[in-house]
Amino acid sequence: MRVNRDRLWNRQQEVGAIGAVPEGGISRFAWTPEYKEACRLLMKWMEQLGLDVRMDTAGNVFGRYEGLEKLPAILCGSHFDTVPNGGYFDGLTGIMTALEAVSTMQEAGYRPRRPIEIVAFVNEEASQFLGGTFGSKAMCGVLAEDYVDTCRHRVTGEPLRTAMMEFGMGTDPDRLMDSRINREDYFCFLEVHIEQGKYLLNENLPVSVVSDIAGIKQFYIELHGVSCHAGGMAMEDRHDTLQAAAAIAGEIERLALATGNDTRSTVGYIQSSPGEHNIIANCSVMPVDYREADDEIWTRLYEDILDYVNRECRKRGLTWSVRSTCDLAPSHCNRTIMQVMHEAADGLGIRHNEMVSFPCHDAVNLERIMPIGMVFVRSSNEGLSHCPEEYTTKEDLGDSGDVLLETLLRLGEMETL
């Protein structure tokens, strides 16, 4: 059994174009008219397949393909929204490959033992209402009850509650908790996603089996010192926050390189005040982002960074504080699911390998409550993503669809993981 590559590609292009903007790319943000148009098209395709279609109170779209037995379902999908001026493939690939896999089964008259439930998560990118992976968080029950009132549009200040009420289609800010799923109803979660980098491109491979999703820590370090004249104050008498920030930025890079585990660390900028060429900075703020798949290294790196900050500030007579904005521990794909994916690709003759995902995905939230598996598909055009130039070839998209289909066929007959 193989997917219909023409149908998969054509659907990807049709729904992918919704939200096109004059300056280039796709801006299909959650709870907008463009997003509603895309939802209606997806739900129409699901209904044409005879799936049980619904939208939950958060805005996640589901299409359920019933199995032969009343067993926990395989959940499969990705996110439906884009970043500003994004592309046709990020997120959407996971939904379209899942839809095509079920379409192929239905067309062949095949029903697995287990039901398969396609999901299109809402507001993963959080391009307007910040927070990220909103839909999967709601499904996992980790959002605060007042989230719809405290989360606001990044430009207008409009509360999420208002946007959800205007959107309609079953979304209900007063019943957000009703979108929480029961763990017992699901066997596992699968997600196909574009790689968003150059690793597969450089390795000349169409797909990869994801082993882990790196944990993310994002936080702000704020340093406080004393402003004084750049000419009058001797070097040994200064309390210079900018020099400390520069040293800390260098150490953060050094610590990441020293792990020997492909750790990613970034200091996005250093903002110092008063910001004059002849005045020593009395305050510096720097955002830190680091990503690591190994649990022990992920924890230790944060401790090592803060230890260095403390030592550097004591040396320079500074005070400091840290404010965390993201604290997602690493997620690990189920080893049995990974093995099934490897065997599926081998059986199809599709060259593949294994890799860590450093970007975050909805699968991170699902991993907290059920086994997960992920397939990466090659990002062509220099690995670019989150931009109009984002591209995956029809051939690679088809390969990822075939691997997903074969994985679903195998998992759909399994008793346990």
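Residues numbered from 1 in each chain as written. Predicted model: local features only at pLDDT ≥ 70, side-chain atom pairs only at ≥ 80, totals over all residues. Heavy atoms only, no water.

Asks: Which residues make up the nonpolar core, and what values do they have?
Replies: Where a protein is soluble and globular, its nonpolar side chains tend to be buried together. Core analysis: the largest hydrophobic core is formed by 96 residues, its most contacted members being W31, F80 and L190. F219, A245, W298 and I305 belong to the second largest nonpolar core, which has 18 residues in total. (Core = buried A, V, L, I, M, F, W, Y, C linked by side-chain atoms within 4.5 Å. Buried < 20%, exposed > 50% of the residue type's maximum accessible area, 1.4 Å probe, protein only.)

Asks: Can you tell me about helix α1 (residues 5–16), naming the residues and giving the values?
Replies: Between its terminal C-alpha atoms α1 stretches 16 Å, which fits the 16 Å expected from 12 residues at 1.5 Å a residue. R7, L8, W9, R11, Q12, V15 and G16 are the residues of α1 that are buried. Looking at the buried residues of α1, the elements they touch are α2 (33–48), α3 (92–107) and α12 (394–411). Two or three places before D6, at the opening of α1, N4 has a side-chain oxygen 3.2 Å from that residue's backbone nitrogen. (Helix = DSSP H or I, 4+ residues; strand = E, 2+ residues; numbered from the N terminus. Expected span 1.5 Å × (residues − 1). Contact = heavy atoms within 4.5 Å. Polar contact = N/O pair within 3.5 Å; in protein donor to acceptor, adjacent residues only side chain to side chain.)

Asks: Explain the pairing of strand β5 (residues 186–194) to me, and be specific about the residues and the numbers.
Replies: Judged by how many residues are buried, β5 sits mostly within the fold: 9 of 9 residues are covered. Here strand β3 (residues 73–79) runs beside β5; their pairing, made up of 4 bridges, is parallel. Bridged to A73 within β5 is Y186. With 6 bridges joining them, β5 and strand β14 (residues 372–377) adopt parallel strand pairing. (Pairing = 2+ DSSP bridges.)

Asks: Explain the packing of α3 against α12 to me, using residue names and the numbers behind them.
Replies: For the pair α3 and α12, the least separation of the axes is 9 Å and the interaxial angle reads 60°. Relative to α12, the element α3 lies oblique. Here α3 and α12 pass one another in a crossing that is right-handed. Contact with α3, carried on its side by T93, T97, A98, A101, T104 and M105, involves L397, S400, G401, L404, L405, L408 and L409 of α12 and no other residues of that element. (Axes fitted to C-alpha atoms, helices over the stretch in contact; angles between N-to-C directions. Parallel < 35°, antiparallel > 145°, perpendicular 65-115°, else oblique. Left-handed = near helix turned anticlockwise from the far one by under 90°.)

Asks: Quick rundown of the packing of helix α10 (residues 335–348) against α12? Include the residues and the values.
Replies: Here α10 crosses α12 at 125°, and the two axes come no closer than 9 Å. Our classification of the angle between α10 and α12 gives oblique. Handedness of the α10/α12 crossing: right-handed. Between α10 and α12, the residues in contact are I337, V340, M341, E343, A344, A345 and L348 and D402, V403, E406, T407, R410 and L411, respectively.

Asks: Describe empty space enclosed by the protein, listing the residues and the values that go with them.
Replies: Under the definition given, this model contains 1 cavity of 30 Å³ or more. Of the pockets and cavities examined, the largest cavity occupies roughly 40 Å³. Together, H79, D81, T82, V83, G86, G87, D90, E125 and E390 line the largest cavity. Residue classes in the lining of the largest cavity are distributed as 1 nonpolar, 4 polar and 4 charged. (1 Å grid on protein atoms, 1.4 Å probe; cavity = no way out; pocket = protein on both sides within 12 Å on 5 of 7 lines; lining within 4 Å. Points joined across faces, edges and corners; volume = space filled by probe spheres on them. Nonpolar A, V, L, I, M, F, W, Y, C, P; charged D, E, K, R; others polar.)

Asks: Describe in detail the packing of aromatic side chains, supporting the description with residues and values.
Replies: Applying the stated criterion across every chain yields a total of 11 aromatic pairs. Between Y35 and F167, the ring centres sit 6.2 Å apart and the planes meet at 50°, which makes this aromatic pair tilted. Separated by 132 residues along the polypeptide, Y35 in helix α2 and F167 in helix α6 (residues 160–167) bring together distant segments of the chain. Measuring from centroid to centroid gives 6.4 Å for F219 and Y290, while their planes differ by 80°, and the two rings are edge-to-face. With F219 in strand β7 (residues 215–224) and Y290 in strand β10 (residues 283–292), the pair connects residues that are 71 residues apart, well separated along the chain. Judged by its relative accessible area of 1%, F219 is buried. Members of the aromatic cluster, joined through ring pairs, are W31, F129, F134 and Y147. (Phe/Tyr/Trp six-rings, centres within 6.5 Å; stacked < 30°, edge-to-face > 60°.)

Asks: I'd like to hear about the layout of surface pockets, residue by residue, with values.
Replies: Each pocket or cavity is described by its volume, and for the largest pocket that value is around 840 Å³. Lining the largest pocket are 29 residues, with E124, E125, G131, G132 and C360 sitting closest to its centre. Secondary structure elements with two or more residues in the lining of the largest pocket: α4 (134–140), β7 and β11 (319–328). Among the elements that line the lining of the largest pocket, the one with the most residues is β11, at 4 residues. Residues belonging to the lining of the largest pocket are distributed by class as follows: 10 nonpolar, 11 polar and 8 charged. Volume-wise, the second largest pocket comes out at about 310 Å³. In terms of lining, the second largest pocket is formed by 16 residues, of which the most central are R264, V356, S357, F358 and P359.

Asks: Outline unusual backbone geometry, supporting the account with residue identities and numerical values.
Replies: Residue P274 is bonded to the preceding S273 through a cis peptide linkage, with omega at 10°. Along the chain, the position of P274 falls in the loop between β9 (271–273) and β10. In the Ramachandran plot, N85 falls in the positive-phi region, its phi being about 55° despite a non-glycine side chain. Relative to the helices and strands, N85 resides in the loop between β3 and α3. Overall, the relative accessible area of 25% leaves N85 in the partly exposed class. The phi angle at N204 is positive, at roughly 55°, despite the residue not being glycine. Secondary-structure assignment places N204 in the loop between α7 (199–203) and β6 (207–213). Since its relative accessible area comes to 49%, N204 is described here as partly exposed.

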